[in-house]
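# Fold and contact review
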Amino acid sequence: MRKAGAMLDKILHLIYPCVCSGCHALLADGEHEICNKCVTSFDRFTDADAADFAVKEVFRHTCPEMEWPQKAWALYRFHKNDRLQTVIHAMKYGGEHRLGNMLGKLLGGMICGSPSAERIDCIVPVPLHKLKEIERTYNQSEIIASSLAAALCKDVRCDLVMRKKYTRSQAGLSPRERQGNVKDAFGSSGTSVPENILLVDDVLTTGSTAVAVMQALKSAGAVNVSFATIALAA
Ligand SMILES: [Zn+2]
């Protein structure tokens, strides 16, 4: 069966050549979604402590009066016009949702084995407004969260927090405008919230959106909220 599947993949590859989402070169055998050259060009955090510190710095800057989050992870640093930006853009807006599976798995590899990960009760993706999800056909953070959850053997909960307001895109807004844009945008669904939550988003820029979701989760009863992202844009 597996042989037949591999053969079918090869035939499909001849008809519809698979190209890299970062550089659009043809993918070689064994490469999936992103070529090895692109993956190695991404600015990856060399250790989890450095990522934790860098992410927390963003939250401290955006929301200095709060201790956010308990533990934080980021896979890469995001630079303007680099190949990672192209990949993230394709995942968010280009319909290439399978990139979320791949990147979520890599993020899972970074978090797996951490003592903080063992205490997580469930994984929550940053919700999109229903209208935006219909427009894009999927929520990229939910796909990343599902893949991450599979790697960590945890549940994904999309029912705990809702996006109540249809907000304009955060792109191009100043940090203060971003905070105003997402103010009161999220709220509890009324469902009982576990104590230890890992919140997941695709990119962290100023942290305004993540802070707003964390506040909604805390108001609903979460005690410890950690945060994980594919890329830190700060
Ligand atoms: Zn490439």
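Scroll up for the structure.
Okay, so let's go over this structure. Given the structure is predicted, the values throughout are model-derived calculations rather than measurements.

## As for the overall build of the protein
Broken down by element type, the protein carries 10 helices and 8 strands. Expressed as a percentage of the 234 residues in the protein, the buried residues total 49%. Long-range pairs, those at least 24 residues apart, make up 73% of the contacts in the protein with a sequence separation of at least 6. Approximately 12200 Å² of the protein is accessible, and the part contributed by carbon and sulfur atoms is 54%.

## Comments concerning the packing of aromatic side chains
In the structure shown here, the tally under the stated rule is 2 aromatic pairs. Here F42 and Y76 contribute two aromatic rings whose centre-to-centre distance is 5.2 Å and whose plane-to-plane angle is 75 degrees, an arrangement assigned as edge-to-face. Of this pair, F42 sits in the loop between α2 (36-41) and β1 (43-44) while Y76 sits in strand β2 (residues 72-77), and the two are 34 residues apart along the sequence. Look at F59 and F227: their rings are 5.3 Å apart centre to centre, the planes differ by 80 degrees, and that puts the pair in the edge-to-face class. Of this pair, F59 sits in helix α3 (residues 48-62) while F227 sits in strand β8 (residues 224-232), and the two are 168 residues apart along the sequence.

## Remarks on the pattern of salt bridges
Applying the stated criterion to the full structure yields 6 salt bridges. Measuring nitrogen to oxygen at the nearest pair gives 3.9 Å for the salt bridge that ties K71 to D52. Residue K71 is located in the loop between α3 and β2, and its partner D52 is located in helix α3; the two are separated by 19 residues in the primary sequence. The pair formed by K71 and D52 is uniform in burial state, with each residue classed as buried. One salt-bridge network, in which partners are shared between bridges, spans D52, K56 and K71.

So, how was this worked out
Residues numbered from 1 in each chain as written. Predicted model: local features only at pLDDT ≥ 70, side-chain atom pairs only at ≥ 80, totals over all residues. Heavy atoms only, no water. Helix = DSSP H or I, 4+ residues; strand = E, 2+ residues; numbered from the N terminus. Buried < 20%, exposed > 50% of the residue type's maximum accessible area, 1.4 Å probe, protein only. Contact = heavy atoms within 4.5 Å. Areas by Shrake-Rupley, 256 points an atom, 1.4 Å probe, with all protein chains shown as cover. Phe/Tyr/Trp six-rings, centres within 6.5 Å; stacked < 30°, edge-to-face > 60°. Salt bridge = Lys/Arg side-chain N within 4 Å of Asp/Glu carboxyl O.

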